[in-house]
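# Remarks on the overall topology
Spelled out from the first residue to the last, the chains are:
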Amino acid sequence: MTQIAVKVLRKTQEAEGIASFELAKPDGSALPAFSAGSHIDVQVPGGLTRQYSLCNDAAENHRYRIAVLRDANSRGGSAAMHDAVKEGDTLTISEPRNHFPLVHAQRTLLFAGGIGVTPLLAMAQRLANSGADFTLHYATRSPSRTAFRHEIAASSYAERVRFHFDDGDAAQKLDLERALGAPQAGTHVYVCGPTGFIDAVVKTAERLGWSKEQVHLEYFGAAAQDTAGDRAFQVKIASSGAVYDVPADVTVVHALQEHGIEILTSCEQGVCGTCITRVLQGECDHRDLYFTDEEKAANDQFTPCCSRAKTPLLVLDL
């Protein structure tokens, strides 16, 4: 994967607990193009790699902008971005990738929960630039925790945005059934935010009769897994025939690292898809939020950062 050195041109407090970072090449040259919904990997101080959605206009090539929520349950990434990264610092990032692309639609409904607004901001800008019919529903705890609120209010698409605050009056709170309405051919739904928010939108859409093909989602973090029943199993490396034990309390990625076998990872929660590995034999215990139900049923790939095995042995295409 191509690595790019960028300079932090600007660090801005966008809301309570949320900072944005404007990134550009040190010499001011153009950055690789991206599309709305894209993210980049950022090598965070402390040796961690984290993924952040690009939230500026995809028509821009002179800068990338990301926003980071200081997470109380952070494994180090968000705290390092808030506390250690300063304007003028150099960071190493990847080229943009898009697992959450916009599809052409007659109408688009965007649902953002908190920091989940970041990829949807780029989508709203893209849709506005093309004159498309869309509405952005942006739900947060309070105005003070609403990143880019003033920017959105001053934008060309401001009238298409509905703000919903948990601490506001009942009339302005997000009514999902009303916001979604009856499913319509040609309308697509995009949702990003905390797991609970996404699940609420998806389940409401299902109940109203929306098809899975019309509802697109991107998780920012996985819910805690119940690991009480986890058992040890083995993985076999197809290229060498070597077999390694995976203890009940160790991931496949970490078990193989102990034997010098490195699998590229990023989120380590089964959200981003960076570590996807082909499975040649055995049945997977999928614990990711990346694959569709159909892809999981195919049983030919898994995310070794969090998923496990239902059979005593998995043969991996490594």
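Residues numbered from 1 in each chain as written. Predicted model: local features only at pLDDT ≥ 70, side-chain atom pairs only at ≥ 80, totals over all residues. Heavy atoms only, no water.

## Remarks on the overall build of the protein chain
Applied cut-off: Labels follow the DSSP assignment, with helices taken as runs of H or I lasting at least four residues and strands as runs of E lasting at least two, numbered in each case from the N terminus. It is over C-alpha atoms that the radius of gyration is taken, and the globule rule equals 2.2 Å times the number of residues to the power 0.38. When accessible area is computed with a 1.4 Å probe and restricted to protein chains, residues below 20% of their type maximum are described as buried, those above 50% as exposed, and intermediate ones as partly exposed. Note on definitions: a residue-residue contact is assigned when non-hydrogen atoms from the two residues lie within 4.5 Å. Asp and Glu count as negative and Lys and Arg as positive, but His and the ends of the chain are not part of the count. Charge coordinates come from a single atom per side chain, which is NZ of Lys, CZ of Arg, CG of Asp or CD of Glu.
If you tally the helices and strands in the protein chain, you get seven helices and 18 strands. The C-alpha radius of gyration of the protein chain comes to 21 Å, within 12% of the 20 Å expected for a compact globule of 318 residues. Taken along its principal axes, the extent of the C-alpha atoms in the protein chain is 60 × 50 × 35 Å. For the protein chain, buried positions account for 46% of its 318 residues. Long-range pairs, those at least 24 residues apart, make up 67% of the contacts in the protein chain between residues at least 6 apart in sequence. When the 30 positive and 39 negative side-chain charges of the protein chain are each reduced to one mean point, those points stand 3 Å apart.

## Remarks on the side chain of H188
Note the cut-off: Two N or O atoms count as a polar contact when they lie within 3.5 Å, although within protein this holds only if one can serve as hydrogen donor and the other as acceptor, and sequence-adjacent residues are included solely when both atoms are side-chain atoms.
Looking at the secondary structure, you find H188 in strand β10 (residues 187-193). Residue H188 is classed as buried on the basis of its relative accessible area of 16%. Polar side-chain contacts of H188 include one of 2.8 Å to the side chain of H216. Setting aside chain neighbours within four positions, we find H188 in contact with V103, A105, R107, T108, L109, E213, Q214 and H216.

## Observations regarding the pattern of salt bridges
As a reminder, the rule being used: The term salt bridge refers to a pairing of a side-chain nitrogen on Lys or Arg with a carboxyl oxygen on Asp or Glu at a separation within 4 Å.
Across all of its chains, the model carries 17 salt bridges by this definition. Of the charged contacts in the structure, one is a salt bridge between R160 and D133, with a shortest N-O distance of 3.3 Å. Within this pair, whereas R160 is found in the loop between α3 (149-153) and β9 (161-165), its partner D133 is found in strand β8 (residues 133-140), the two being separated by 27 residues in sequence. Classification of D133 by relative accessible area gives partly exposed; the value is 35%.

## As for the packing of aromatic side chains
Applicable threshold: Centre distance within 6.5 Å is the pairing criterion for rings of Phe, Tyr and Trp, where only the six-membered ring of Trp is used; planes under 30 degrees apart are then read as stacked, over 60 as edge-to-face, and the remainder as tilted.
Considering all chains together, one arrives at six aromatic pairs under this definition. Taking 5.7 Å as the distance between ring centres and 85° as the angle between the ring planes, the aromatic pair formed by F34 and Y64 counts as edge-to-face. Of this pair, F34 sits in the loop between β2 (18-24) and β3 (39-44) while Y64 sits in strand β5 (residues 64-69), placing them 30 residues apart in sequence. Of the two residues, F34 and Y64, both sit in the buried class. Residues F134 and Y157 carry aromatic rings whose centres are separated by 6.1 Å and whose planes lie at 55° to one another, so their mutual orientation is tilted. Of this pair, F134 sits in strand β8 while Y157 sits in the loop between α3 and β9, and the two are 23 residues apart along the sequence. For the pair F134 and Y157, a shared accessibility class is recorded, and that class is buried. Among the aromatic residues, ring-to-ring pairing joins Y138, F163 and F165 into one connected group.

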